[in-house]
Amino acid sequence: MTDQRPDPDALLEKVQRAESIRRRGRLKIFFGASAGVGKTFGMLLAARERRAEGLDVVAGYVETHKRTETEQLLEGLEVLPPRLVPYRDTQLREFDLDAALKRHPALILVDELAHTNAPGSRHPKRWQDVEELLDAGIDVYTAINVQHIESLNDVVSQITGIPVWETVPDAVLESANEIELIDLPPDELLQRLKEGKVYLPQQAERAAQNFFRKGNLIALRELALRRTADRVDAQMRDYREDHAIQSVWQVKERLLVCIGSGGTAENLVRAAYRLAQLLKAEWIVLYVETAKLQRLSKEQRDAILRTLKLAEELGAETVTLGGHKLAEEVISYALSRNASRIVLGKPTLSGWKRWLFGSLVDTIVRKASDIDIHVVGKESNFLSQARESPYFSRSRLYLGLAPEEQNSLFTWSTAYLWAIVATAICTAIAWLMFDHVDLANLIMVYLLGVVVVASRYGHGPSVLSSLLSVVLFDFFFVPPRFSFAVSDTQYLITFAVMLLVGLVISSMTIRIQHQAKIAGHRERRTASLYAMSRELAATRGEDNILRIAVKHVAEVFEAQAVVLLPDETGRIAYPKSEGTAQSCHGSDLSIAQWVYDHGQMAGQGTDTLPGGEIVYLPLKASSGMRGVLALLPLNPARIALPEQQRLLETFTSQIALALERVRLAAEAQSAQIKMETEQLRNALLSAISHDLRTPLAAIVGASSSLVRDGDRLDRHARNELGQTIYDEAIRMSGLANNLLDMARLEAGAVVLNRQWQPLEEVVGGALAGLTARMVNHPVTVKLSHDLPLVEIDSLLIERVFANLLENAVKYTPPGTPIEISAATGQDELVVTVSDKGAGIPAGEEQRIFEKFHRVDSEGNQGGAGLGLTICQSIVEAHGGRIWADNLSSGGAAFHFALPLSEPPLIEQEEAVPS
């Protein structure tokens, strides 16, 4: 009887998933084969229906492409204003995520899910904006074409010949609560294209010659239909699981092929392949390893491995399970995968043997009433089909166990001898107990011996022990004793029951023992995979990932291993880091290059160069090949087992994903740096172009006046023009000096010339150099006479004062007083430059120290936005800090703190007599 109790872990996962769905907004995707099929139109129609139901609906971003019928549907809906993002010489219209979150409607429309946001946006992609909306509990309607699905990107590019750069991860599509396919036949779509309903006439003509060819549209339509059908199939499976539906719903053909150790396995796979091709169906090849099948010979297990490999080559999904009852495992898996047909081999038993012992076919036919059963004949001798496998040419495989376990097993003769000895010991113990207990208790002693023999030496010796136990019990203890005669016929029933119980106990003991071994192997495999995955997830850097991967692969598979990565030209090479290079001695880089180029295994036990000693496995990730894992197993049989093959594939997948994560992180960092560099370049060009153009215009104007009208101008006018040229040249020189100083400070090329200085001298020097600029701003200096000396580079700190004073002049109206003060704090000297101007806008207190950042103000006289950045760099080079705030009485205050230390003692020179 099958245990139908629900899995607690599955129930917990179901509850957690339901709770997550309850808190999260619902996502509906309008899915189409290409542009122009009516996705946006359908989305707007659905939105208007929801609005008519009284739902709060907002159009966050809808791209109408100036189509009249689409724009008409948008009328009457609340539309969020777009966020305008300056980019180079234009402004980009982007979806305003913050405004949408603040508005928080029940349903929002966000078109073009695959769109890439403008630089500087919170998220690089629009689908990430949608994820944030969903996390906030807002329902979202969106639209996407099939060519933007990540997993189909290369397929679409191969069909159309046009690369698509904007993609959406498949997980976004799979997480959608609802997908509505907007379908339009290719001929109708081409007609809409001719009528100008998709693109403008000149664009439509180019599109018809390239992307919108009829063959392309047919292929894209099939991809969209298939992807939608897969989604519907997944929803159906989820529904069946959520409602605990056990019966099969034959809505889609799916074959389940069961193979075993018999001679028909390969024929069975080939026949199932032909049937799957005929039905256009998915097919799965299943091998269930029971305790009995674990005792197969080397040749039989070798044949099973070849059969599974053949199935994979023919395109099947292969699955290996462990279980106790073969038929129940097959039926349970068929129900879980909603298989419509089960393909089995012809029963090997016939006549009375089949009636007595039963067959897998009969059991499945009887219990799987909702599934069609196909029985394939053409039995052949698997031994004649068996080919020599390199995996098994060097070592012996017994009971599916590792070599170290094989060494602990006894030979059959020793095992049977120990069975006889154990039964004799039980007889001796029973002899000692005979005068004190009943015969029923003596039977327990023999049954205990059977259990010991079964657990230690296996099935055959335990059967012998059961038989000997009955014989010896009859001979020594059943009246008349010391003979095989039986005085009471009831003892015959006792003997039969004793033998039957002994056989059952021995069988169950062996079964439990094998299941415990299977569970132990699986637990070790799971633990090893978890350990590697945990370390890889917590590790950064390619070298660390390679070291962890090599360590775990070598330990789990008892092999030498190395991960080979491509260089900049795509050529496979050994890693350069210590601890990972050439761990697998003798790795052939030419074979590894072939594996990397073709994405297929090569080396020992494969179809490509099977005679080699090393196995080369491709490291495949979602975005392509990441490298090659080379493995030199100490025992080739260890990686030939089906479960070890699956584990090795999982290891390679995890390593590839970790390497891809590192690559994506590096690319993201590089993109961030490029974006910041572009922003800095734009800000620099904007600042320099403005601040150079103004003085240059003044210089050109003044100099041209002197050249043209110099003879007619009086002396005073000529002096004013000359002074203008001088002042503007000084202004340009200051800008150039700021840029050079910023470059030197960031490059670390400035060496501080620290001297013990009084602060009054530095302030005085700064004010003396700014006499002309400070004419309209009275400056008050409040410095205490007992201020300590500070060890500073006086020229650089003077530059700090100059920049702070110039900044105050620039952002305050004429006549505004400026004050300089200083006070000692805890181990530091705090200097303040304050004014009585408009102050610093809220939120700008930290940003004003960023490069090229300028505050918009009526009194702003321009500048590159580098003065305060230079101040910060100089102060921090002295080990200090700088900050700004607003005064409660009005105006802004800039503070910088310099560290204090004990000045050296100055020894007085002794007077020298004359």
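Since the model is a prediction, treat every value here as computed from it, not as a measurement. (Residues numbered from 1 in each chain as written. Predicted model: local features only at pLDDT ≥ 70, side-chain atom pairs only at ≥ 80, totals over all residues. Heavy atoms only, no water.)

Looking now at the packing of aromatic side chains. Using the criterion set out here, one finds 12 aromatic pairs in the structure. Seen from their ring centres, F434 and F477 are 5.6 Å apart, and the 35 degrees between their planes marks the pair as tilted. Remark: F477 occurs in helix α20 (residues 459-477) and F434 occurs in the loop between α18 (412-433) and α19 (439-457); sequence separation between them is 43 residues. For F477, a relative accessible area of 1% puts it in the buried group. Here a set of aromatic residues connected by ring pairs shows up, and it is made of W431, F434, Y446, F473, F475, F476 and F477. A cation over a ring is seen here: R481 above F434, with NZ or CZ 4.2 Å from the ring centre. (Phe/Tyr/Trp six-rings, centres within 6.5 Å; stacked < 30°, edge-to-face > 60°. Helix = DSSP H or I, 4+ residues; strand = E, 2+ residues; numbered from the N terminus. Buried < 20%, exposed > 50% of the residue type's maximum accessible area, 1.4 Å probe, protein only. Lys NZ or Arg CZ within 6 Å of the ring centre and 35° of its normal.)

Here α19 crosses α20 at 160 degrees, and the two axes come no closer than 8 Å. Classified by the angle their axes make, α19 and α20 are roughly antiparallel. Viewed along their axes, α19 and α20 form a crossing whose handedness is right-handed. Across the interface between the two elements, L439, L442, I443, Y446, G449, V450, V453, A454 and Y457 from α19 touch H459, P461, S462, S465, S466, S469, L472, F473 and F477 from α20. For the contact of α19 with α20, the residue count by class is 12 nonpolar, six polar and no charged. (Axes fitted to C-alpha atoms, helices over the stretch in contact; angles between N-to-C directions. Parallel < 35°, antiparallel > 145°, perpendicular 65-115°, else oblique. Left-handed = near helix turned anticlockwise from the far one by under 90°. Contact = heavy atoms within 4.5 Å. Nonpolar A, V, L, I, M, F, W, Y, C, P; charged D, E, K, R; others polar.)

A word on the environment of N807. Among the secondary structure elements, N807 is positioned in helix α27 (residues 794-810). Considering only alpha carbons, one finds N807 and G867, 60 residues apart in sequence, at a separation of 7.6 Å. If sequence neighbours within four positions are ignored, N807 has contacts with L868 and F894.

Time to look at the confidence of the model for the chain. Here the chain averages 78 in pLDDT, while 80% of its residues score no lower than 70. Helix α16 (residues 382-385) is the least confidently modelled element of the chain, averaging 35 in pLDDT, while strand β6 (residues 107-110) averages 94, the highest of any element. When the criterion is pLDDT under 50, residues 578-582 qualifies, and its contacts beyond four places in sequence or with other chains add up to eight contacts. (pLDDT = per-residue confidence, 0-100.)

This part takes up the pattern of salt bridges. For the structure shown, the criterion picks out 24 salt bridges. Among the salt bridges present, the one from E78 reaches R103, with a minimum N-O distance of 2.8 Å. Of this pair, E78 sits in strand β3 (residues 78-79) while R103 sits in helix α4 (residues 97-103), and the two are 25 residues apart along the sequence. The class for R103 is partly exposed, based on a relative accessible area of 28%. Two residues, R122 and E132, come together in a salt bridge whose shortest N-O distance is 2.5 Å. Pair noted here: R122 is in the loop between β6 and α5 (126-135) and E132 is in helix α5, with a separation of 10 residues, a long-range link. Judged by relative accessible area, E132 falls into the partly exposed class, the value being 23%. Several salt bridges share partner residues, and in doing so they unite R24, E131 and D135 into one network. (Salt bridge = Lys/Arg side-chain N within 4 Å of Asp/Glu carboxyl O.)

We now examine the sheet that holds strand β18 (residues 624-633). Taken together, the five strands give an open sheet; going across it, the order is β15-β14-β18-β17-β16, and neighbouring strands pair in antiparallel fashion. One side of each edge strand has no neighbouring strand; the edge strands of this open sheet are β15 (572-573) and β16 (602-603). As paired strands, β16 and strand β17 (residues 615-621) are joined by two bridges and run antiparallel to one another. Its bridge partner being in β17, A602 is matched across the sheet by Y616. Along the sheet face, helix α23 (residues 589-598) touches β14 (559-566), β15, β16, β17 and β18 and points at about 140 degrees away from the line of β18. (Pairing = 2+ DSSP bridges.)

Here five strands make up an open sheet; going across it, the order is β11-β10-β9-β12-β13 and the pairing parallel. Taken across any chain shown, the strands that pair with only one partner, and hence form the sheet edges, are β11 (317-322) and β13 (372-376). For this sheet, the mean inter-axis angle between neighbouring strands, taken without regard to orientation, is 25 degrees. Of the pairings in the sheet, the one linking strand β12 (residues 341-345) to β13 comprises five bridges and is parallel in character. Of the residues in β13, the one forming a bridge with L344 is V375. Sitting on the sheet, helix α13 (residues 326-336) touches β9 (254-259), β10 (282-289), β11 and β12, and the angle it makes with β10 is about 150 degrees. Together, β12 and β13 form the strand contacts of helix α15 (residues 360-367), whose direction differs from that of β12 by roughly 160 degrees.

Within the secondary structure layout, G612 lies in the loop between β16 and β17. The sequence separation of G612 and L632 amounts to 20 residues, and the corresponding C-alpha distance is 9.7 Å.

What follows covers the nonpolar core. Core analysis: the biggest nonpolar cluster contains 59 residues, and I29, I108, L109, L133 and F212 have the highest contact counts within it. Once residues within four sequence positions are removed from consideration, L133 is found in contact with F95, L97, A100, L101, I108, V110, I138 and V140. Residues I797, F801, V831 and V833 belong to the second largest nonpolar core, which totals 42 residues. (Core = buried A, V, L, I, M, F, W, Y, C linked by side-chain atoms within 4.5 Å.)

Among all positions of helix α26 (residues 759-769), only L759, V762, V763 and A766 are buried. What you see down the axis of α26 is that its buried residues fit within an arc of 95 degrees, all on one side. For α26, the exposed residues lying more than 90 degrees away from the buried face are E761 and A768. Those residues of α26 that are buried are in contact with β19 (755-757), β20 (779-782), β21 (790-792), α27, β22 (818-824) and β23 (828-835). (Arc of directions from axis to C-beta.)

So, on to the environment of I284. Positionally, I284 belongs in strand β10. In sequence terms I284 and V319 are 35 residues apart; their C-alpha atoms lie 7.3 Å from each other. Non-local contacts of I284, meaning those with residues more than four positions away in its chain, are made with R254, L255, L256, V257, E317, V319, Y333 and R337.

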